[in-house]
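Remarks on the overall topology
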2 protein chains.
Amino acid sequence: MKILEYPNKNQLADALGRPAFDADKLEKAVKKILKQVQQKGDKALINYTKKFDQVILDNLSVYNEIIDESELLLDPELKNAIRIAAENISKFHKAQIPKTISLETTKGITCWQKALPIEKVGIYIPGGSAPLISTVLMLAIPAQLAGCKEIILCTPPDKSGEINPAILYAAKISRVTNIYSCGGAQAIAAMAYGTESIPKVDKIFGPGNQFVTLAKQIVSSQGIAIDMPAGPSELLILADDSANPEFVASDLLSQAEHGIDSQVILLTNNKEFINRTLVSLNDQLKALPRADIARQSLKSGAIILLKNEQKMIQVSNQYAAEHLIIAMQNPENIAEQITQAGSVFLGNYTPESLGDYASGTNHTLPTNGFARSYSGLNMDAYYKKITFQKADKTGLEIIGPFVEIIAEAEQLQAHKNAVSVRLKNIQDENNEQF
Amino acid sequence: MKILEYPNKNQLADALGRPAFDADKLEKAVKKILKQVQQKGDKALINYTKKFDQVILDNLSVYNEIIDESELLLDPELKNAIRIAAENISKFHKAQIPKTISLETTKGITCWQKALPIEKVGIYIPGGSAPLISTVLMLAIPAQLAGCKEIILCTPPDKSGEINPAILYAAKISRVTNIYSCGGAQAIAAMAYGTESIPKVDKIFGPGNQFVTLAKQIVSSQGIAIDMPAGPSELLILADDSANPEFVASDLLSQAEHGIDSQVILLTNNKEFINRTLVSLNDQLKALPRADIARQSLKSGAIILLKNEQKMIQVSNQYAAEHLIIAMQNPENIAEQITQAGSVFLGNYTPESLGDYASGTNHTLPTNGFARSYSGLNMDAYYKKITFQKADKTGLEIIGPFVEIIAEAEQLQAHKNAVSVRLKNIQDENNEQF
């Protein structure tokens, strides 16, 4: 890790810089995949699965019998842990369900805003050596709570054409409606455009490699909503005297093991703490199965010694980390001053991995500084909010004349007329003689 | 207008099709503008303003003295109308301010979600013959209510280098912090990348022509948040026996006068109503200053006779209109069955123009069917929601073992370790002998 002591502005900017991702290189390849799927549907999906996943599929759908059978293969302890995690995620997300807002803005004019579930959502779960069980829960549970009618899930099959039983189990308890064996940019295309087997959805959620990320970005510019822009995962830790170097080292490693482009940053006002953390870091690193990945990721990470608490908070807000651990005295106090972050973990007993799996918060979070303008995934992402308004004659009589004046100033005569014909009609009614 | 009676599925799809917008053609031109502004800053902006707006500016900032002076030029009646509209918009949006959500998901684990304002927002207001006063209110008032620190506004100057006093007044009462004379794709670039004069913002809001729309789309793929994807404005009206043909005609025209690509659709179950509406439409059209635009837009519009109320609702939900007027008996009843729309106007006395200006709802709404997955602009758009969590020892002891199990299944050993080192530490403390 780079170690900086009391850096100046430029040194700081250097250390906190994020790796740029050059989408242009992949664009041609991804656009070709999107086009093929749009034109050839299932056939293209089956071809790409053969090419990229080395599997020949008869069929993209994963049938319920397979889901039920594979459940029998699962360790009961794991099933139980998945259920406990699901319960906490459910509790925290249920509390976020938006309520209808209604008020009379002017006598006779009622306005209300109602949240309705997005009808069809698609979830992408990447493949690879390990099953991203928790990601299934994080993306599907809120969809189920919102009442989305169709919740489909695409994930690539393994070399033997199968999908990990834990993924299937997590999808089942989250009430995913259909699962498809399909991965990569081609799965994003399938959900964006629809094929014979896979229905077109209104919004696509989920992480993925650079191909998947770019595919989501392209379909989003075509009007298919996506959850948020993606980048490598990040952790920033604020640690003072009260922090435990062993805990902090374990947190840095839990982020570093994600991938070689993971970003880890430690800010502290305690010089001695740095050395103690480095010792523990090396110690723990030895025993890790993914030590090689972690080592590479740590290379671009930074430990930065800062003058005081206020500077630590300032730099943290400037960085806008995806994950932020506050290992400081009075973490609640510090948290009040945090204005830019994805998800925040307070105190010595709240490792990031708690939020990754089971505290209840969502682990789909804005990376790459996007926390300045994007929220972590929450219930809002599964709804669209519709506004309604109703004016009675009184309401229109009060507000109508003002609408006429502004419409006139905007030179939109027909906008004005729509009010005028009604006001005249009301007046005619009032003047009617018997 | 095209008139269809009891169409079949394909005829319906044809009539309700939206015009495709081919961004590829403009892409080169827009990318060049973005690059120039990124590289040359203010100099590029001044050059483009000379080229596109035929104005040579010394300075991009609009000073407070100019804003105050120009207020004196404004008709007091218009000022008053703007203030009344602002009050209603303010009331309805204030009611939407998100609250902190906090709960204990497991004994000893508290999770909360807090909404914080996006710090720097940029608003784009197009130029043209008429000042879009209401758009300033719709975009800036929620920013002010959310507490955004910087609210900047870019709008192109007129041929004499000036900005309409009504725009300046609306910006002033909405507490816009800085106004800049700058329009088109170059203004979007300025707000996305920052220049010497114009600060970089975290999120860009506002309508515009195809260049502006594409520029927003491109910067959004670079991580600058935008309000929503844009397309031509739309109105769908549901009318039964209880509707007034004169009112309905005035509403169709108020939409049609926006632009030649505006979409207007009338669905009714009453054959006779169609003729009465057409007569009134021709009648009202004659007196309109923007009759030519309206006429062209109406050409691609459709009046569709459907079998019954249920079919009307079904087709309306399928279309997912930006604006939806329900001119039917028991409009509340019908509104309950609307699942896809931007903003909905109930009954005979709620013309769309009421919502465009002063009912209180926002007029920045999803077009092009985006209402299936996007909300109309609302307070959420000005916040990012951050999650927080804190576990004490008890909480970690309860949930930690489940986290260990799932992390193990995901083959993320360091994620597991971050819990294990803490649980071991707690156990050691518990076992400490005195």
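Just so we're clear, the structure is a prediction, and the values are computed from it rather than from any experiment. (Residues numbered from 1 in each chain as written. Chains lettered and ligands numbered in written order. Predicted model: local features only at pLDDT ≥ 70, side-chain atom pairs only at ≥ 80, totals over all residues. Heavy atoms only, no water.)

Quick look at the overall build of chain A
A tally of helices and strands in chain A yields 17 helices and 15 strands. Expressed as lengths along the three principal axes of its C-alpha atoms, the size of chain A is roughly 95 × 60 × 45 Å. The buried share of chain A, taken over its 434 residues, is 60%. A sequence separation of at least 24 residues applies to 75% of the contacts in chain A between residues at least 6 apart. Of the roughly 17300 Å² of accessible surface on chain A, a fraction of 48% belongs to carbon and sulfur atoms. Of the charged side chains in chain A, 43 are positive and 48 negative, and the gap between their average positions amounts to 5 Å. (Helix = DSSP H or I, 4+ residues; strand = E, 2+ residues; numbered from the N terminus. Buried < 20%, exposed > 50% of the residue type's maximum accessible area, 1.4 Å probe, protein only. Contact = heavy atoms within 4.5 Å. Areas by Shrake-Rupley, 256 points an atom, 1.4 Å probe, with all protein chains shown as cover. Lys, Arg positive; Asp, Glu negative; His and termini not counted. Charge placed at Lys NZ, Arg CZ, Asp CG, Glu CD.)

Topic: the pairing of strand β7 (residues 178-181) of chain B
Residue and element names in this part refer to chain B. Across 2 bridges, the pairing between strand β2 (residues 61-62) and β7 is antiparallel. Each residue of the ladder has a partner; that of S61, found in β7, is Y180. Pairing geometry for strand β6 (residues 150-155) and β7, over 4 bridges, is parallel. Counterpart to C154 in the pairing with β7 is Y180. Regarding topology, helix α7 (residues 165-173) serves as the crossover connection from β6 to the parallel β7, and that connection is right-handed. (Pairing = 2+ DSSP bridges. Right-handed = clockwise from strand over helix to strand, strands pointing away.)

Some words on the state of the cysteines
Overall, the coordinates contain 0 disulfides over all chains when judged by the stated rule. With no disulfide partner, C154(A) has as its closest neighbouring cysteine sulfur the one in C182(A), 5.2 Å distant. (Disulfide = S-S within 2.5 Å.)

Points about the packing of aromatic side chains
Counted according to the given criterion, the structure contains 10 aromatic pairs over all chains. Considering the side-chain rings of Y48(A) and F52(A), the 5.6 Å spacing of their centres and the 0° angle between planes classify their relative orientation as stacked. Taken together, the residues Y48(A) and F52(A), both in helix α3 (residues 42-53) and 4 residues apart, mark about one turn of the helix. For Y48(A), a relative accessible area of 9% translates into the label buried. Ring geometry for W112(B) and F388(B): centres 5.4 Å apart, planes at 10°, overall stacked. In this pair, W112(B) sits in strand β4 (residues 109-117) while F388(B) sits in strand β15 (residues 383-391), placing the two residues 276 residues apart along the sequence. Directly above the ring of Y319(A) sits R18(A), whose terminal nitrogen or CZ lies 3.7 Å from the centroid. (Phe/Tyr/Trp six-rings, centres within 6.5 Å; stacked < 30°, edge-to-face > 60°. Lys NZ or Arg CZ within 6 Å of the ring centre and 35° of its normal.)

Brief notes about the sheet that holds strand β6 (residues 150-155) of chain A
Residues and elements named next belong to chain A. Pairing within the open sheet is mixed, and its 6 strands lie in the order β2-β7-β6-β5-β8-β9. Whereas interior strands pair on both sides, the edge strands pair on one side only; in this sheet they are β2 (61-62) and β9 (225-226). When strand β8 (residues 203-205) meets β9, the two strands line up parallel, connected through 2 bridges. If you follow K203 over to β9, its bridge partner there is A225.

Here we look at the interface of chain B and chain A
Taken together, the contact between chain B and chain A spans 117 residues of the former and 117 residues of the latter. For the pairing of chain B and chain A, the buried interface totals around 10400 Å² over both sides, and the portion due to carbon and sulfur atoms is 60%. Among the residues chain B hides against chain A, the three largest losses belong to Y349(B), Q389(B) and R422(B). Together they make up 8% of the total. The tally of links from chain B across to chain A stands at 6 salt bridges. Between R422(B) and D251(A) there is a salt bridge, and its shortest N-O distance comes to 2.6 Å. With 11 residues, helix α17 (residues 413-431) of chain B is the largest single contributor of residues to the side of chain B that touches chain A. Partitioning the side of chain B that touches chain A into residue classes produces 57 nonpolar, 38 polar and 22 charged. Bridging between strand β14 (residues 343-346) of chain A and β15(B) involves 4 bridges; their strand directions are parallel. (Buried area = accessible area lost by both parts, 1.4 Å probe. Salt bridge = Lys/Arg side-chain N within 4 Å of Asp/Glu carboxyl O. Nonpolar A, V, L, I, M, F, W, Y, C, P; charged D, E, K, R; others polar.)

Examining the relation of the copies chain B and chain A
When chain B is fitted to chain A, the best match, at an RMSD of 0.0 Å, comes from turning it 180° and sliding it 0.0 Å along the axis. This pairing of chains is accounted for by a two-fold axis. Same-surface contact between copies: 100% of interface residues of chain B are shared with the interface of chain A. (Least-squares fit on C-alpha atoms with pLDDT ≥ 70 in both.)

Points about the environment of K120(B)
Residue and element names in this part refer to chain B. With respect to the helices and strands, the residue K120 is situated in strand β5 (residues 120-124). Judged by its relative accessible area of 31%, K120 is partly exposed. Not counting residues within four places of it along the chain, the set of residues in contact with K120 comprises E150, K200, V201, D202 and K203.

Comments concerning unusual backbone geometry
Peptide bonds are mostly trans, and most non-glycine residues show a negative phi. Here R175(A), not a glycine, exhibits a phi torsion of approximately 60°, which is positive. Among the structural elements, R175(A) can be located in the loop between α7 (165-173) and β7 (178-181).

Re the sheet that holds β6(B)
All names here are of chain B. The 6 strands lie next to each other as β2-β7-β6-β5-β8-β9, forming an open sheet whose pairing is mixed. The sheet is open, and its two borders are formed by β2 and β9 (225-226), each paired with just one other strand. Sheet contacts for helix α8 (residues 184-193): β5, β6 and β8 (203-205); angle to β5, the most-contacted strand, approximately 175°. (Axes fitted to C-alpha atoms, helices over the stretch in contact; angles between N-to-C directions.)

Focus: α7(A)
Residues and elements named next belong to chain A. Taken as a whole, α7 has its buried residues at A166, I167, L168, Y169, A170 and A171. Those residues of α7 that are buried are in contact with β2, α4 (64-72), α5 (76-94), α6 (133-146), β6 and β7. Of the residues that open α7, the one with a side-chain oxygen 2.8 Å from the backbone nitrogen of A166 is N164. R175 lies just past α7 and shows a positive phi near 60°. (Polar contact = N/O pair within 3.5 Å; in protein donor to acceptor, adjacent residues only side chain to side chain.)

What about the nonpolar core?
Counting 68 residues, the largest nonpolar core has I82(A), V121(A), L137(A), L153(A), I179(A) and Y382(A) as the members making the most contacts within it. Here this core gets 10 residues from one element, more than from any other, and that element is α6(A). Each residue touching I82(A), except ones within four places of it in the same chain, is listed here: I133(A), L137(A), A166(A), Y169(A), A170(A), I173(A) and I406(B). Core analysis: the next-biggest nonpolar cluster, separate from the first, contains 66 residues, L412(A), M138(B), I141(B) and A146(B) among them. (Core = buried A, V, L, I, M, F, W, Y, C linked by side-chain atoms within 4.5 Å.)

Looking at the layout of surface pockets
With a probe scaled to a water molecule rolled over the atoms, the places where space remains empty come into view. All names here are of chain B. Each pocket or cavity is described by its volume, and for the second largest pocket that value is around 680 Å³. Contributions of two or more residues to the lining of the second largest pocket are made by α3 (42-53), β2, α4 (64-71) and α7. Of the residues that constitute the lining of the second largest pocket, the class distribution is 16 nonpolar, 10 polar and 6 charged. (1 Å grid on protein atoms, 1.4 Å probe; cavity = no way out; pocket = protein on both sides within 12 Å on 5 of 7 lines; lining within 4 Å. Points joined across faces, edges and corners; volume = space filled by probe spheres on them.)

So, the side chain of S343(B)
One can find S343(B) in strand β14 (residues 343-346). Look at S343(B) and you get buried, because its relative accessible area is 1%. Among the polar contacts made by the side chain of S343(B), one reaches the side chain of T387(A) at a distance of 2.7 Å. There is a polar contact of 2.8 Å between the side chain of S343(B) and the side chain of Q389(A). In contact with S343(B), not counting residues within four places along its chain, are T387(A), Q389(A), E322(B), H323(B), L324(B), T361(B) and L365(B).

Looking at the domain arrangement of chain A
Residue and element names in this part refer to chain A. Domain annotation for chain A reports domain 1 (2-19 + 232-360), domain 2 (23-229 + 380-384) and domain 3 (392-433). For domain 1 versus domain 2, the separation of C-alpha centres amounts to 31 Å. Interface of domain 1 and domain 2: buried area, both sides summed, is about 500 Å²; carbon and sulfur atoms make up 51% of it. Per-residue buried area on domain 1 facing domain 2 is highest for Y357, A358 and G360; these three make up 75% of the total on that side. The tally of links between domain 1 and domain 2 comes to 0 salt bridges. For the pair domain 1 and domain 2, the number of links is 2 residue pairs in polar contact (both at pLDDT 80 or more). Residue composition of the side of domain 1 that touches domain 2, grouped by class: 2 nonpolar, 3 polar and 1 charged. (Domains from an automatic or database assignment.)

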